Structure formats: C-alpha cells, structure tokens
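What follows is the residue order along each chain.
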Amino acid sequence: SILFVHGAKEHLYRNNFKNVDRYLCTTDNNPYIYINDSYYTVTNFIEGRECNFENSEDTISAARLLASFHKASKGYIAPSNSKEANELGKLPLLFNKRLNELKRLKKIAKKARNKFDCLYLEWVDYFLDIGSNVLEQLNGSSSYKTLVDRAQKEKVLCHHDFAHRNIIFAENKIYLVNFEYCCYEIKAYDIANFLRRKMRKCNWDFDEAKLLLDEYRKVENISEDEFFIIKLMLLFPQKFWRVANRYYNSRKSWSERVFVSKLQEVVDETAFHERFMERYDALI
C-alpha cells in the first residue's frame, strides 16, 4: 500500500538514507490524492541516468547503495493504518510453484513442437533437476528459517526490484527509486537478484561477483547463512522459468524469433553459470 511505502521511505530518510524519491504530501499530510476512484502519488522528478550493469564502476556504487539501504531500513515499523507488505518465509512456496509450472509447460510443449517448444523440451529436465535440488536444500537446511526469524526481529526491508532502471545517477549522488514492491524480506533476496542481473552481463565473471560482494560488505555484513541462501537463489533456474512463463502464458509483446533467442541466451549461459557456481564458496 501507499502508506506502507511512504512510511518506509520516511524511515529510510530519518536513518540518513536520503537517496530516495520521497512522496510529496498534501496539506493534510497525506502522501496521495484520491480522484475518480483512483489513488495518485507525486514525487520530485530525479534528473539523471540509469545504472549501467555492464559498467563496473556503476555496479560498485550500486552495491554500496544496496547495503546502505538495507542498513537504514532496519527497525521499520509499518504505520498501523497501512497494508503491510511481507514476503518473509515464502521462498520455498515460490520455488515449488515455479517448478510445477515448468512441468506443466512441458506437457504443452510436447503437443505443439515448434522451434521454441523443441528447445524448451531439450533443456527443461536439466533445469528441473537443478531446481528440485535447490528446493530440497532450501527445505533441508536451517539457514533459511534462521534468516527469516532474524529479519522478522530486525524489521528489515527489501527493495524487491533492485534493477538498473531503479538506480539513478544524478549529480554526484545515486538514488534508489520505485519502491512499489518494497516489503519485509530477507536481505539475501535483493543481493541474489542484483548479483544475477550483473552476472548475466559479464558471463558470470567470478572476480566481478567478488568485487560487488566485497563492496557490499564494507557497509553491511553478509552472514554464512545469507551466502548459502544467495547461492541457492543463484542456482535456481529463474530466467529459464521467466522466458518460458512469458512465452506460454502471456505471449503478447515479442515475436516467436525473439522468444527463441531469449531462451537460447539462457542455454548459452549454462557453461559459464556452472563454472561460476563451482567456485561460489570461495566468495565468502
């Protein structure tokens, strides 16, 4: 809800994380106006450029920004009249749902058999094996529960959409914007998604990952439990699921050729990804 996000931004601002697009409040001190059955918010426009995940300097700054955000978010108590956004403890359910979806789509692909279906069928079992193994480890270890319990106590926030378009460089300052998906969640979620987005731009370069995690750790600690959960999140076939899900369930925006090339990209990455994951433990 708007009130949850507004409260989060103000909490961050009070904790000296001023790099946010705060809502402008009305004379009644509301962060929104209500017109024709709709709620509207207004923020100051931040003039700048988006973060370039192919640029090392940009992503180093982004890693520090993410760590500062997590640090400042601790202790956020949502306003009593807000709808609390809480994703804590939901990762096993999410992974399970996505694996079931991959299995369901396999049946659809067997019926159609065009170029995309053939490529999907060629690789789906490989990714299902990895995903099932991840889910087994997630459920079989105490690390996830430990992190969820700690995050619940610490009241820590996750941005949940730490993508290049939401990181803005403006006149010697870097901003984090678009908090619509902001919620209570373990920090590892943001770190893993940030790392995955960066790694896909540099063929899963181990040194680049080390650089980012070291920068993050200059500001905020990453525990062994967090490292383990980040590892599982990086192993999970997120991109394979996303491309297939978009193709079979909402085929609107791209042509068949584009979908095939997107899936091929995921396949072409597997060797780099495997090599990176074999070395992953050395990042700690």
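Read on for an overview of the structure. (Residues numbered from 1 in each chain as written. Predicted model: local features only at pLDDT ≥ 70, side-chain atom pairs only at ≥ 80, totals over all residues. Heavy atoms only, no water.)

1. A short note on the sheet that holds strand β6 (residues 173-176)
Strand pairing in a sheet takes place through backbone hydrogen bonds and is either antiparallel or parallel in direction.
Point 1. In space, the 3 strands of this open sheet follow the order β3-β5-β6, with antiparallel pairing throughout. In the strand order of this sheet, the two ends are held by β3 (49-50) and β6, each with one partner.
Point 2. Helix α2 (residues 56-73) contacts β3, β5 (167-170) and β6 of the sheet and is inclined by roughly 55° relative to β6. (Pairing = 2+ DSSP bridges. Helix = DSSP H or I, 4+ residues; strand = E, 2+ residues; numbered from the N terminus. Contact = heavy atoms within 4.5 Å. Axes fitted to C-alpha atoms, helices over the stretch in contact; angles between N-to-C directions.)

2. Brief notes about the packing of α2 against helix α7 (residues 206-219)
Point 1. In the contact formed by α2 and α7, the axes pass within 8 Å of each other and the chain directions differ by 35°. For the pair α2 and α7, the sense of crossing is right-handed. Facing Ser56, Thr59, Ile60, Ala63, Arg64, Leu66, Ala67, Ser68, His70 and Lys71 of α2, the residues of α7 in contact are Glu208, Leu211, Leu212, Glu215, Tyr216 and Val219.
Point 2. Across the contact of α2 with α7, the residue classes break down as 8 nonpolar, 4 polar and 4 charged. (Left-handed = near helix turned anticlockwise from the far one by under 90°. Nonpolar A, V, L, I, M, F, W, Y, C, P; charged D, E, K, R; others polar.)

3. Side note on helix α3 (residues 91-112)
Point 1. With 22 residues, α3 should cover 32 Å at 1.5 Å per step; its first-to-last C-alpha distance of 32 Å lies within 8% of that length.
Point 2. Turning to α3, its buried residues are Leu91, Pro92, Phe95, Arg98, Leu99, Glu101, Leu102, Leu105 and Ala109.
Point 3. At its buried positions, α3 is contacted by α4 (115-140), α5 (143-154), α8 (224-235) and α9 (238-249).
Point 4. Just past α3, the residue arginine 113 takes up positive phi, approximately 60°. (Expected span 1.5 Å × (residues − 1). Buried < 20%, exposed > 50% of the residue type's maximum accessible area, 1.4 Å probe, protein only.)

4. Concerning empty space enclosed by the protein
Point 1. Enumeration according to the criterion identifies 2 cavities of 30 Å³ or more in this entry.
Point 2. Residue lining of the largest cavity: 17 residues in total, with Phe127, Pro237, Val266, Glu269 and His273 positioned closest to the centre.
Point 3. Considering every element that reaches the lining of the largest cavity, the biggest residue donor is helix α10 (residues 256-279), with 4 residues.
Point 4. Sorting the residues of the lining of the second largest cavity by element identifies α2, α6 (187-199) and α7 as the ones contributing at least two each.
Point 5. Of the residues that constitute the lining of the second largest cavity, the class distribution is 8 nonpolar, no polar and no charged. (1 Å grid on protein atoms, 1.4 Å probe; cavity = no way out; pocket = protein on both sides within 12 Å on 5 of 7 lines; lining within 4 Å. Points joined across faces, edges and corners; volume = space filled by probe spheres on them.)

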